[in-house]
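# Overview (structure and organization)
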Amino acid sequence: MDEDGLARVREQLQEFAAGMFAGLRRVDQRETGVRYLRGLMLDGQRKSMQPMAARLGVDHQQLQQFLTSSTWDVVGVRRRVAQTAVDLIAPTVWVVDDTGFPKDGPASACVARQYSGTLGKVGNCQIAVSVHAATDAASAVLDWRLFVPESWDETCVPDEAGKVANEHAKRLRRQPVTLDQAGKKKPHVRKEVPREEQIAQIQHRRAASKLPDDERYRPKWMMALEMIDELAGWNLYPPLLTADAGYGQVAEFRQGLTDRGIPYIVATTSTTTAQPGDAAPVEAAYAGVGPYPTPRYPRPAHSIKDLALQAGVDHTTLVHWRERLPATDSGDRPAGTLSGHFFALRIRPAGRAVREGLPHLGDGVLPDCWLLVQWPPDQDEPTDYWLSDLPTNTSLSELVRLAKSRWRIEHDYRELKTGLGLDHFEGRSWIGWHRHVTLTTTAQLFCTQLRLTNPKAPGQP
(Lines give C-alpha, C1' and ligand atoms only; values in the text may rest on other atoms or scores of the structure.)
Protein backbone atom coordinates (compact mmCIF):
# COMPACT_ATOMS: atom_id res chain seq x y z
CA MET A 1 0.00 0.00 0.00
CA ASP A 2 1.03 3.60 -0.44
CA GLU A 3 0.81 6.19 2.33
CA ASP A 4 -2.66 7.33 1.28
CA GLY A 5 -4.04 3.80 1.14
CA LEU A 6 -2.63 2.96 4.56
CA ALA A 7 -4.05 6.18 5.99
CA ARG A 8 -7.54 5.21 4.78
CA VAL A 9 -7.46 1.93 6.74
CA ARG A 10 -5.73 3.42 9.78
CA GLU A 11 -8.67 2.94 12.13
CA GLN A 12 -9.21 -0.65 10.97
CA LEU A 13 -5.52 -1.40 11.50
CA GLN A 14 -5.56 0.11 14.99
CA GLU A 15 -8.58 -1.98 15.96
CA PHE A 16 -7.09 -5.14 14.45
CA ALA A 17 -3.70 -4.61 16.12
CA ALA A 18 -5.33 -3.93 19.49
CA GLY A 19 -6.67 -7.46 19.43
CA MET A 20 -3.44 -9.07 18.19
CA PHE A 21 -1.21 -7.19 20.66
CA ALA A 22 -3.60 -7.33 23.63
CA GLY A 23 -1.13 -9.46 25.58
CA LEU A 24 1.70 -6.91 25.32
CA ARG A 25 1.92 -5.23 28.70
CA ARG A 26 3.53 -1.94 27.73
CA VAL A 27 1.94 0.79 25.63
CA ASP A 28 5.19 1.48 23.77
CA GLN A 29 5.39 -2.20 22.71
CA ARG A 30 1.88 -2.13 21.31
CA GLU A 31 2.58 1.14 19.49
CA THR A 32 5.80 -0.20 18.00
CA GLY A 33 3.96 -3.35 16.95
CA VAL A 34 1.49 -1.27 14.95
CA ARG A 35 4.37 0.75 13.52
CA TYR A 36 6.12 -2.44 12.40
CA LEU A 37 2.94 -3.66 10.69
CA ARG A 38 2.68 -0.35 8.86
CA GLY A 39 6.29 -0.68 7.74
CA LEU A 40 5.65 -4.17 6.37
CA MET A 41 2.57 -3.07 4.42
CA LEU A 42 3.97 0.19 3.02
CA ASP A 43 5.28 0.02 -0.54
CA GLY A 44 9.03 -0.47 -0.73
CA GLN A 45 11.55 -2.86 -2.20
CA ARG A 46 13.09 -3.99 1.10
CA LYS A 47 11.25 -4.68 4.37
CA SER A 48 14.31 -5.00 6.60
CA MET A 49 14.53 -2.69 9.60
CA GLN A 50 16.58 0.22 8.22
CA PRO A 51 14.56 0.75 5.00
CA MET A 52 11.29 0.38 6.92
CA ALA A 53 12.42 2.86 9.57
CA ALA A 54 13.38 5.36 6.86
CA ARG A 55 9.92 5.10 5.27
CA LEU A 56 8.24 5.38 8.67
CA GLY A 57 10.42 8.30 9.76
CA VAL A 58 11.66 6.61 12.96
CA ASP A 59 15.01 5.46 14.31
CA HIS A 60 15.66 1.91 13.10
CA GLN A 61 17.04 1.04 16.55
CA GLN A 62 13.49 1.32 17.87
CA LEU A 63 12.39 -1.49 15.52
CA GLN A 64 15.53 -3.49 16.20
CA GLN A 65 15.05 -3.31 19.97
CA PHE A 66 11.41 -4.33 19.58
CA LEU A 67 12.45 -7.45 17.65
CA THR A 68 15.58 -8.56 19.45
CA SER A 69 15.64 -7.42 23.06
CA SER A 70 12.11 -6.43 24.06
CA THR A 71 10.22 -8.77 26.40
CA TRP A 72 6.94 -9.35 24.56
CA ASP A 73 5.60 -12.87 24.12
CA VAL A 74 5.72 -14.02 20.49
CA VAL A 75 3.68 -17.16 21.26
CA GLY A 76 0.79 -15.13 22.66
CA VAL A 77 0.61 -12.99 19.51
CA ARG A 78 0.84 -16.06 17.30
CA ARG A 79 -1.99 -17.73 19.23
CA ARG A 80 -4.30 -14.73 18.77
CA VAL A 81 -3.40 -14.51 15.08
CA ALA A 82 -4.13 -18.23 14.57
CA GLN A 83 -7.47 -18.07 16.39
CA THR A 84 -8.53 -14.98 14.44
CA ALA A 85 -7.45 -16.57 11.15
CA VAL A 86 -9.50 -19.72 11.74
CA ASP A 87 -12.57 -17.69 12.73
CA LEU A 88 -12.16 -15.43 9.69
CA ILE A 89 -11.40 -18.05 7.03
CA ALA A 90 -13.41 -21.07 8.30
CA PRO A 91 -10.90 -23.39 6.62
CA THR A 92 -11.82 -26.58 4.80
CA VAL A 93 -8.24 -27.88 5.05
CA TRP A 94 -4.98 -27.25 6.84
CA VAL A 95 -1.79 -27.44 4.80
CA VAL A 96 1.72 -28.30 6.00
CA ASP A 97 4.69 -27.12 3.95
CA ASP A 98 8.11 -25.51 4.22
CA THR A 99 9.92 -22.66 2.51
CA GLY A 100 13.48 -21.41 2.20
CA PHE A 101 15.09 -18.11 3.24
CA PRO A 102 18.26 -17.62 1.14
CA LYS A 103 21.17 -16.09 3.06
CA ASP A 104 24.56 -14.74 2.02
CA GLY A 105 26.41 -15.27 5.29
CA PRO A 106 26.83 -18.05 7.87
CA ALA A 107 25.73 -16.24 11.03
CA SER A 108 21.92 -16.15 10.89
CA ALA A 109 20.19 -18.62 13.17
CA CYS A 110 20.09 -22.15 11.68
CA VAL A 111 21.51 -21.18 8.29
CA ALA A 112 23.26 -24.01 6.47
CA ARG A 113 23.81 -25.45 3.02
CA GLN A 114 20.64 -27.46 2.49
CA TYR A 115 18.04 -28.15 -0.17
CA SER A 116 15.41 -25.46 -0.61
CA GLY A 117 12.38 -25.70 -2.85
CA THR A 118 12.50 -21.91 -3.06
CA LEU A 119 15.95 -22.08 -4.64
CA GLY A 120 15.28 -25.36 -6.44
CA LYS A 121 18.69 -26.61 -5.35
CA VAL A 122 21.06 -26.92 -2.40
CA GLY A 123 22.04 -23.47 -1.18
CA ASN A 124 22.91 -21.40 1.85
CA CYS A 125 19.57 -20.79 3.54
CA GLN A 126 17.24 -21.17 6.48
CA ILE A 127 14.24 -23.52 6.22
CA ALA A 128 10.94 -22.82 7.95
CA VAL A 129 8.05 -25.27 8.38
CA SER A 130 4.57 -23.76 8.43
CA VAL A 131 0.93 -24.76 8.96
CA HIS A 132 -1.75 -22.93 6.97
CA ALA A 133 -5.53 -22.72 7.16
CA ALA A 134 -7.07 -22.61 3.70
CA THR A 135 -10.16 -22.52 1.53
CA ASP A 136 -10.32 -21.76 -2.20
CA ALA A 137 -11.16 -18.16 -1.28
CA ALA A 138 -8.55 -17.36 1.40
CA SER A 139 -5.68 -18.73 3.48
CA ALA A 140 -3.39 -17.72 6.32
CA VAL A 141 -0.42 -19.08 8.26
CA LEU A 142 -1.27 -20.48 11.70
CA ASP A 143 2.16 -21.40 13.05
CA TRP A 144 5.88 -21.52 12.25
CA ARG A 145 8.97 -23.52 13.17
CA LEU A 146 12.57 -22.75 12.17
CA PHE A 147 14.31 -25.97 11.13
CA VAL A 148 17.48 -26.76 13.12
CA PRO A 149 20.03 -28.48 10.83
CA GLU A 150 22.37 -31.16 12.17
CA SER A 151 25.27 -28.72 11.75
CA TRP A 152 23.62 -26.55 14.45
CA ASP A 153 23.26 -29.33 17.00
CA GLU A 154 26.29 -30.70 18.83
CA THR A 155 24.31 -33.81 19.79
CA CYS A 156 24.52 -34.79 16.10
CA VAL A 157 28.34 -34.89 16.11
CA PRO A 158 29.43 -38.56 15.91
CA ASP A 159 31.60 -39.98 18.67
CA GLU A 160 34.66 -42.16 18.11
CA ALA A 161 32.40 -45.12 17.28
CA GLY A 162 30.39 -43.10 14.74
CA LYS A 163 27.29 -42.90 16.96
CA VAL A 164 25.34 -39.75 17.76
CA ALA A 165 23.41 -38.78 20.88
CA ASN A 166 20.48 -37.26 18.96
CA GLU A 167 18.07 -40.11 18.24
CA HIS A 168 16.65 -38.28 15.21
CA ALA A 169 19.99 -37.65 13.51
CA LYS A 170 21.32 -39.76 10.70
CA ARG A 171 23.92 -42.34 11.63
CA LEU A 172 26.69 -40.49 9.86
CA ARG A 173 29.83 -42.27 8.83
CA ARG A 174 32.91 -40.76 10.35
CA GLN A 175 34.36 -38.46 7.70
CA PRO A 176 36.59 -35.40 7.49
CA VAL A 177 34.89 -32.07 8.20
CA THR A 178 36.04 -28.73 6.87
CA LEU A 179 37.48 -26.17 9.24
CA ASP A 180 35.38 -23.51 7.52
CA GLN A 181 32.27 -22.01 9.07
CA ALA A 182 28.81 -23.22 8.05
CA GLY A 183 27.62 -21.71 4.81
CA LYS A 184 31.04 -20.76 3.41
CA LYS A 185 32.55 -22.34 0.32
CA LYS A 186 34.41 -25.53 1.12
CA PRO A 187 38.17 -25.46 0.53
CA HIS A 188 39.76 -27.87 -1.90
CA VAL A 189 41.74 -29.54 0.88
CA ARG A 190 39.51 -31.16 3.46
CA LYS A 191 40.90 -31.28 6.92
CA GLU A 192 39.54 -33.27 9.80
CA VAL A 193 38.40 -31.28 12.81
CA PRO A 194 38.61 -32.90 16.25
CA ARG A 195 35.22 -33.74 17.72
CA GLU A 196 35.73 -31.38 20.65
CA GLU A 197 36.45 -28.51 18.27
CA GLN A 198 33.34 -29.26 16.18
CA ILE A 199 31.23 -29.17 19.34
CA ALA A 200 32.83 -25.90 20.46
CA GLN A 201 32.13 -24.30 17.06
CA ILE A 202 28.47 -25.35 17.16
CA GLN A 203 28.02 -24.15 20.73
CA HIS A 204 29.59 -20.80 19.87
CA ARG A 205 27.27 -20.39 16.87
CA ARG A 206 24.21 -21.32 18.92
CA ALA A 207 25.16 -18.87 21.68
CA ALA A 208 25.72 -16.06 19.18
CA SER A 209 22.23 -16.58 17.70
CA LYS A 210 20.68 -17.24 21.14
CA LEU A 211 19.16 -20.58 20.23
CA PRO A 212 17.21 -22.05 23.16
CA ASP A 213 18.95 -25.09 24.57
CA ASP A 214 15.93 -27.33 23.97
CA GLU A 215 15.82 -26.52 20.24
CA ARG A 216 17.51 -29.50 18.60
CA TYR A 217 17.58 -31.20 15.23
CA ARG A 218 14.52 -33.29 14.40
CA PRO A 219 12.83 -34.04 11.07
CA LYS A 220 10.49 -31.49 9.52
CA TRP A 221 7.52 -33.88 9.73
CA MET A 222 8.03 -34.06 13.49
CA MET A 223 8.04 -30.26 13.71
CA ALA A 224 4.74 -30.26 11.82
CA LEU A 225 3.19 -32.61 14.39
CA GLU A 226 4.53 -30.36 17.17
CA MET A 227 2.72 -27.39 15.64
CA ILE A 228 -0.49 -29.39 15.27
CA ASP A 229 -0.25 -30.23 18.98
CA GLU A 230 0.45 -26.60 19.87
CA LEU A 231 -2.55 -25.46 17.85
CA ALA A 232 -4.69 -28.11 19.56
CA GLY A 233 -3.60 -26.54 22.85
CA TRP A 234 -5.18 -23.33 21.53
CA ASN A 235 -8.41 -25.28 20.77
CA LEU A 236 -7.74 -25.26 17.01
CA TYR A 237 -8.16 -28.53 15.11
CA PRO A 238 -7.85 -29.26 11.38
CA PRO A 239 -10.93 -30.45 9.50
CA LEU A 240 -8.50 -32.27 7.19
CA LEU A 241 -4.77 -32.02 6.61
CA THR A 242 -2.81 -32.12 3.37
CA ALA A 243 0.91 -31.95 2.64
CA ASP A 244 3.41 -32.60 -0.13
CA ALA A 245 5.42 -35.80 -0.57
CA GLY A 246 8.20 -34.63 1.73
CA TYR A 247 5.74 -35.24 4.57
CA GLY A 248 3.25 -37.67 3.05
CA GLN A 249 5.83 -40.32 2.20
CA VAL A 250 6.76 -40.59 5.91
CA ALA A 251 4.71 -43.37 7.49
CA GLU A 252 5.38 -42.01 10.99
CA PHE A 253 3.84 -38.68 9.96
CA ARG A 254 0.72 -40.34 8.60
CA GLN A 255 0.49 -42.50 11.72
CA GLY A 256 0.87 -39.38 13.86
CA LEU A 257 -2.15 -37.86 12.14
CA THR A 258 -4.12 -41.06 12.61
CA ASP A 259 -3.21 -41.20 16.30
CA ARG A 260 -4.54 -37.64 16.67
CA GLY A 261 -7.77 -38.42 14.82
CA ILE A 262 -6.92 -36.08 11.93
CA PRO A 263 -8.14 -37.12 8.45
CA TYR A 264 -5.58 -36.52 5.69
CA ILE A 265 -4.83 -36.61 2.01
CA VAL A 266 -1.09 -36.30 1.42
CA ALA A 267 1.14 -36.59 -1.61
CA THR A 268 3.66 -39.41 -1.68
CA THR A 269 6.37 -40.87 -3.92
CA SER A 270 6.02 -43.63 -6.48
CA THR A 271 8.31 -45.90 -4.44
CA THR A 272 5.96 -46.07 -1.43
CA THR A 273 5.19 -49.75 -0.89
CA ALA A 274 1.75 -51.26 -0.42
CA GLN A 275 -0.37 -54.37 -0.75
CA PRO A 276 -3.50 -54.40 -2.93
CA GLY A 277 -6.65 -53.48 -1.08
CA ASP A 278 -8.07 -56.99 -1.25
CA ALA A 279 -4.86 -58.67 -0.02
CA ALA A 280 -5.10 -60.62 3.24
CA PRO A 281 -2.43 -62.13 5.50
CA VAL A 282 -2.30 -65.90 5.92
CA GLU A 283 -1.36 -68.03 8.87
CA ALA A 284 2.19 -69.34 8.78
CA ALA A 285 2.90 -72.91 9.76
CA TYR A 286 3.89 -73.34 13.39
CA ALA A 287 7.30 -74.98 13.83
CA GLY A 288 6.38 -76.29 17.26
CA VAL A 289 9.00 -74.17 19.04
CA GLY A 290 8.73 -70.62 20.33
CA PRO A 291 5.86 -68.18 19.89
CA TYR A 292 3.30 -68.61 17.14
CA PRO A 293 4.29 -66.60 14.02
CA THR A 294 2.32 -63.50 13.06
CA PRO A 295 0.18 -63.94 9.94
CA ARG A 296 1.98 -62.61 6.85
CA TYR A 297 0.97 -61.50 3.39
CA PRO A 298 1.75 -64.24 0.87
CA ARG A 299 3.40 -61.87 -1.63
CA PRO A 300 5.91 -59.04 -1.16
CA ALA A 301 4.55 -55.50 -1.17
CA HIS A 302 4.55 -53.61 -4.46
CA SER A 303 5.45 -49.99 -5.13
CA ILE A 304 2.34 -47.86 -5.63
CA LYS A 305 3.67 -47.11 -9.11
CA ASP A 306 3.44 -50.84 -9.93
CA LEU A 307 -0.09 -51.00 -8.52
CA ALA A 308 -1.09 -48.01 -10.66
CA LEU A 309 0.49 -49.51 -13.78
CA GLN A 310 -1.40 -52.74 -13.17
CA ALA A 311 -4.66 -50.74 -13.14
CA GLY A 312 -3.70 -49.01 -16.40
CA VAL A 313 -4.29 -45.58 -17.91
CA ASP A 314 -7.69 -46.74 -19.24
CA HIS A 315 -8.87 -46.70 -15.63
CA THR A 316 -8.65 -42.87 -15.47
CA THR A 317 -11.50 -40.38 -15.46
CA LEU A 318 -11.38 -36.71 -16.41
CA VAL A 319 -11.97 -34.63 -13.26
CA HIS A 320 -12.40 -30.83 -12.97
CA TRP A 321 -11.41 -29.52 -9.57
CA ARG A 322 -11.68 -25.70 -9.61
CA GLU A 323 -11.97 -22.62 -11.76
CA ARG A 324 -8.76 -21.26 -13.19
CA LEU A 325 -7.72 -17.96 -11.61
CA PRO A 326 -7.56 -14.85 -13.81
CA ALA A 327 -4.12 -14.13 -15.21
CA THR A 328 -2.13 -11.56 -13.20
CA ASP A 329 -0.14 -10.41 -16.23
CA SER A 330 -0.90 -9.62 -19.85
CA GLY A 331 -0.58 -13.23 -20.95
CA ASP A 332 -3.24 -15.01 -22.99
CA ARG A 333 -3.86 -17.85 -20.56
CA PRO A 334 -7.28 -19.36 -21.36
CA ALA A 335 -10.12 -19.21 -18.88
CA GLY A 336 -11.94 -22.31 -17.70
CA THR A 337 -11.46 -25.01 -15.12
CA LEU A 338 -8.39 -26.93 -14.03
CA SER A 339 -8.74 -30.60 -14.86
CA GLY A 340 -6.81 -33.84 -15.17
CA HIS A 341 -7.14 -37.60 -15.49
CA PHE A 342 -7.32 -39.54 -12.21
CA PHE A 343 -8.34 -42.83 -10.66
CA ALA A 344 -8.43 -44.10 -7.09
CA LEU A 345 -7.68 -47.54 -5.63
CA ARG A 346 -7.99 -49.07 -2.19
CA ILE A 347 -4.56 -50.23 -1.00
CA ARG A 348 -2.80 -51.24 2.21
CA PRO A 349 0.43 -49.26 2.81
CA ALA A 350 3.28 -51.51 3.92
CA GLY A 351 6.79 -51.12 5.32
CA ARG A 352 8.47 -51.41 8.71
CA ALA A 353 7.15 -48.10 10.09
CA VAL A 354 3.58 -49.04 9.13
CA ARG A 355 3.87 -52.45 10.79
CA GLU A 356 5.28 -50.93 13.96
CA GLY A 357 2.27 -48.61 14.16
CA LEU A 358 -0.26 -51.44 13.98
CA PRO A 359 -2.38 -52.20 17.04
CA HIS A 360 -1.15 -55.26 18.90
CA LEU A 361 -3.91 -57.58 17.71
CA GLY A 362 -1.53 -60.11 16.23
CA ASP A 363 -3.54 -60.51 13.01
CA GLY A 364 -1.02 -58.75 10.76
CA VAL A 365 -3.74 -56.86 8.86
CA LEU A 366 -2.48 -53.63 7.34
CA PRO A 367 -4.95 -50.69 7.41
CA ASP A 368 -6.43 -49.84 4.02
CA CYS A 369 -6.67 -46.36 2.53
CA TRP A 370 -7.15 -44.54 -0.75
CA LEU A 371 -4.43 -44.29 -3.38
CA LEU A 372 -5.23 -41.37 -5.69
CA VAL A 373 -3.34 -41.40 -8.98
CA GLN A 374 -2.98 -38.65 -11.60
CA TRP A 375 -2.06 -40.03 -15.02
CA PRO A 376 -2.15 -37.72 -18.05
CA PRO A 377 -3.19 -39.75 -21.10
CA ASP A 378 -0.13 -38.59 -23.06
CA GLN A 379 2.28 -39.95 -20.41
CA ASP A 380 3.66 -43.48 -20.16
CA GLU A 381 3.14 -43.57 -16.39
CA PRO A 382 1.42 -41.60 -13.62
CA THR A 383 2.83 -38.24 -12.57
CA ASP A 384 1.41 -37.83 -9.05
CA TYR A 385 0.25 -39.98 -6.14
CA TRP A 386 -1.66 -39.27 -2.92
CA LEU A 387 -2.64 -41.37 0.10
CA SER A 388 -5.81 -40.65 2.07
CA ASP A 389 -7.66 -42.19 5.00
CA LEU A 390 -10.98 -40.62 3.99
CA PRO A 391 -14.05 -42.91 4.08
CA THR A 392 -14.56 -45.55 1.41
CA ASN A 393 -17.63 -43.72 0.06
CA THR A 394 -15.63 -40.56 -0.74
CA SER A 395 -16.10 -39.66 -4.42
CA LEU A 396 -13.22 -39.37 -6.88
CA SER A 397 -14.02 -35.70 -7.51
CA GLU A 398 -13.87 -34.95 -3.77
CA LEU A 399 -10.53 -36.76 -3.42
CA VAL A 400 -9.11 -34.74 -6.31
CA ARG A 401 -10.46 -31.42 -5.00
CA LEU A 402 -8.93 -31.97 -1.58
CA ALA A 403 -5.63 -33.28 -2.96
CA LYS A 404 -5.28 -30.15 -5.09
CA SER A 405 -6.18 -27.75 -2.26
CA ARG A 406 -2.50 -27.12 -1.44
CA TRP A 407 -2.34 -24.46 -4.16
CA ARG A 408 -3.42 -21.74 -1.73
CA ILE A 409 -0.20 -21.81 0.25
CA GLU A 410 1.77 -20.74 -2.81
CA HIS A 411 -0.31 -17.56 -2.66
CA ASP A 412 0.62 -17.22 1.02
CA TYR A 413 4.34 -17.56 0.43
CA ARG A 414 4.23 -15.23 -2.58
CA GLU A 415 2.33 -12.52 -0.73
CA LEU A 416 4.41 -12.90 2.43
CA LYS A 417 7.71 -12.70 0.57
CA THR A 418 7.13 -10.33 -2.33
CA GLY A 419 4.60 -8.04 -0.67
CA LEU A 420 5.35 -8.13 3.05
CA GLY A 421 9.05 -8.91 3.33
CA LEU A 422 8.90 -12.31 5.03
CA ASP A 423 12.43 -13.20 3.95
CA HIS A 424 13.91 -9.68 4.29
CA PHE A 425 14.87 -10.00 7.96
CA GLU A 426 18.62 -9.37 8.28
CA GLY A 427 19.04 -10.04 11.99
CA ARG A 428 20.85 -13.08 13.31
CA SER A 429 18.98 -14.00 16.46
CA TRP A 430 16.51 -16.85 16.92
CA ILE A 431 13.92 -14.68 18.67
CA GLY A 432 14.29 -11.88 16.11
CA TRP A 433 13.49 -14.26 13.26
CA HIS A 434 10.41 -15.65 15.05
CA ARG A 435 9.12 -12.18 15.89
CA HIS A 436 9.61 -10.95 12.32
CA VAL A 437 7.74 -13.90 10.74
CA THR A 438 4.98 -13.58 13.36
CA LEU A 439 4.52 -9.89 12.59
CA THR A 440 4.62 -10.58 8.85
CA THR A 441 1.93 -13.23 9.33
CA THR A 442 -0.11 -10.68 11.31
CA ALA A 443 0.20 -8.15 8.49
CA GLN A 444 -0.92 -10.76 5.95
CA LEU A 445 -3.96 -11.64 8.07
CA PHE A 446 -4.94 -7.97 8.18
CA CYS A 447 -4.71 -7.79 4.38
CA THR A 448 -6.79 -10.97 4.13
CA GLN A 449 -9.40 -9.48 6.44
CA LEU A 450 -9.60 -6.41 4.21
CA ARG A 451 -10.06 -8.58 1.12
CA LEU A 452 -12.83 -10.66 2.70
CA THR A 453 -14.73 -7.85 4.39
CA ASN A 454 -14.08 -5.02 1.96
CA PRO A 455 -12.72 -6.13 -1.43
CA LYS A 456 -12.41 -2.51 -2.57
CA ALA A 457 -10.21 -1.52 0.38
CA PRO A 458 -6.90 0.21 -0.48
CA GLY A 459 -4.08 -2.06 -1.49
CA GLN A 460 -6.30 -4.99 -2.48
CA PRO A 461 -5.97 -6.69 -5.88
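Preceding block: the structure.
Small disclaimer: the values here were computed from a predicted structure and weren't measured. (Residues numbered from 1 in each chain as written. Predicted model: local features only at pLDDT ≥ 70, side-chain atom pairs only at ≥ 80, totals over all residues. Heavy atoms only, no water.)

### A look at the overall build of the chain
Looking only at helices and strands, one finds 15 helices and twelve strands in the chain. For a compact globule of 461 residues, the expected C-alpha radius of gyration is about 23 Å, and the chain comes in at 25 Å, within 12% of that figure. When its C-alpha atoms are laid out on the principal axes, the chain stretches across 80 × 60 × 45 Å. The proportion of buried residues among the 461 residues of the chain is 50%. Restricting the contact set of the chain to residue pairs at least 6 apart, pairs at least 24 apart contribute 67%. (Helix = DSSP H or I, 4+ residues; strand = E, 2+ residues; numbered from the N terminus. Rg over C-alpha atoms; globule rule 2.2 N^0.38 Å. Buried < 20%, exposed > 50% of the residue type's maximum accessible area, 1.4 Å probe, protein only. Contact = heavy atoms within 4.5 Å.)

### Describing helix 10 (residues 251-259)
The α-helix advances 3.6 residues per turn, and as a result positions three or four apart in sequence lie on the same side. Residues Ala251, Phe253, Arg254, Gly256 and Leu257 constitute the buried set of helix 10. Positive backbone phi, approximately 70°, marks Gly261, located one or two places after helix 10.

### Quick word on helix 8 (residues 220-233)
Relative to the 20 Å expected for 14 residues at 1.5 Å per residue, helix 8 spans 20 Å between its end C-alpha atoms, a close match to the ideal helical length. Trp221, Met222, Met223, Ala224, Leu225, Met227, Ile228 and Leu231 are the residues of helix 8 that are buried. Backbone geometry just downstream of helix 8 places Asn235 in the positive-phi region, at approximately 65°. (Expected span 1.5 Å × (residues − 1).)

### With respect to the side chain of Arg78
Residue placement: Arg78 occurs in helix 6 (residues 74-89). When neighbours within four sequence positions are excluded, Arg78 is seen to be in contact with Leu142, Asp143, Trp144, Trp234, His434, Val437 and Thr438.

### Concerning the packing of helix 3 (residues 27-41) against helix 15 (residues 430-453)
Closest axis-to-axis distance for the helix 3/helix 15 pair is 9 Å, and the angle between their directions is 70°. In terms of orientation, helix 3 lies roughly perpendicular with respect to helix 15. On the side of helix 3, the interface is formed by Tyr36, Leu37, Leu40 and Met41, while helix 15 contributes His436, Leu439, Thr440, Thr442, Ala443, Phe446 and Cys447. Partitioning the contact of helix 3 with helix 15 into residue classes produces eight nonpolar, three polar and no charged. (Axes fitted to C-alpha atoms, helices over the stretch in contact; angles between N-to-C directions. Parallel < 35°, antiparallel > 145°, perpendicular 65-115°, else oblique. Nonpolar A, V, L, I, M, F, W, Y, C, P; charged D, E, K, R; others polar.)

### What about the nonpolar core?
Core analysis: the largest hydrophobic core is formed by 108 residues, its most contacted members being Phe21, Met41, Leu142, Trp144, Phe253 and Leu439. Take this core: its biggest share by element is nine residues, from helix 15. When sequence neighbours within four positions are dropped, the list of residues in contact with Phe253 reads Trp221, Ala224, Leu225, Leu241, Ala243, Tyr247 and Val266. In this structure, Ala274, Cys369, Val373 and Trp375 belong to the second largest nonpolar core, which totals 13 residues. (Core = buried A, V, L, I, M, F, W, Y, C linked by side-chain atoms within 4.5 Å.)

### Description of the packing of aromatic side chains
Under the counting rule described, the total for this entry stands at eight aromatic pairs. Note on Phe16 and Phe446: the rings are 5.3 Å apart at their centroids and 50° apart in plane angle, and the pair reads as tilted. Of this pair, Phe16 sits in helix 2 (residues 10-20) while Phe446 sits in helix 15, and the two are 430 residues apart along the sequence. Neither Phe16 nor Phe446 differs from the other in exposure class; each is buried. Arranged with centres 6.4 Å apart and planes meeting at 85°, the rings of Trp144 and Trp433 form a pair that is edge-to-face. Taken together, the positions of Trp144 in strand 4 (residues 139-146) and Trp433 in helix 15 put the pair 289 residues apart, joining distant regions of the chain. (Phe/Tyr/Trp six-rings, centres within 6.5 Å; stacked < 30°, edge-to-face > 60°.)

### A few points about the pattern of salt bridges
Tallied over the full model, the rule gives 18 salt bridges. Across the pair Asp28 and Arg26 runs a salt bridge, and its minimum N-O distance is 2.8 Å. Take Arg26: its relative accessible area is 39%, and that puts it in the partly exposed class. In this structure, the salt-bridge partner of Arg145 is Asp143, at a minimum N-O distance of 3.7 Å. Here the salt bridges share partners, and the residues they tie into one network are Arg78, Asp143, Arg145, Glu215, Arg218, Glu226 and Glu230. (Salt bridge = Lys/Arg side-chain N within 4 Å of Asp/Glu carboxyl O.)

### A few points about the pairing of strand 1 (residues 93-102)
Buried residues dominate strand 1, accounting for eight of its ten residues. Bridging between strand 1 and strand 5 (residues 241-243) involves three bridges; their strand directions are parallel. Each bridged residue has a counterpart across the sheet, and for Val95 the counterpart in strand 5 is Thr242. (Pairing = 2+ DSSP bridges.)

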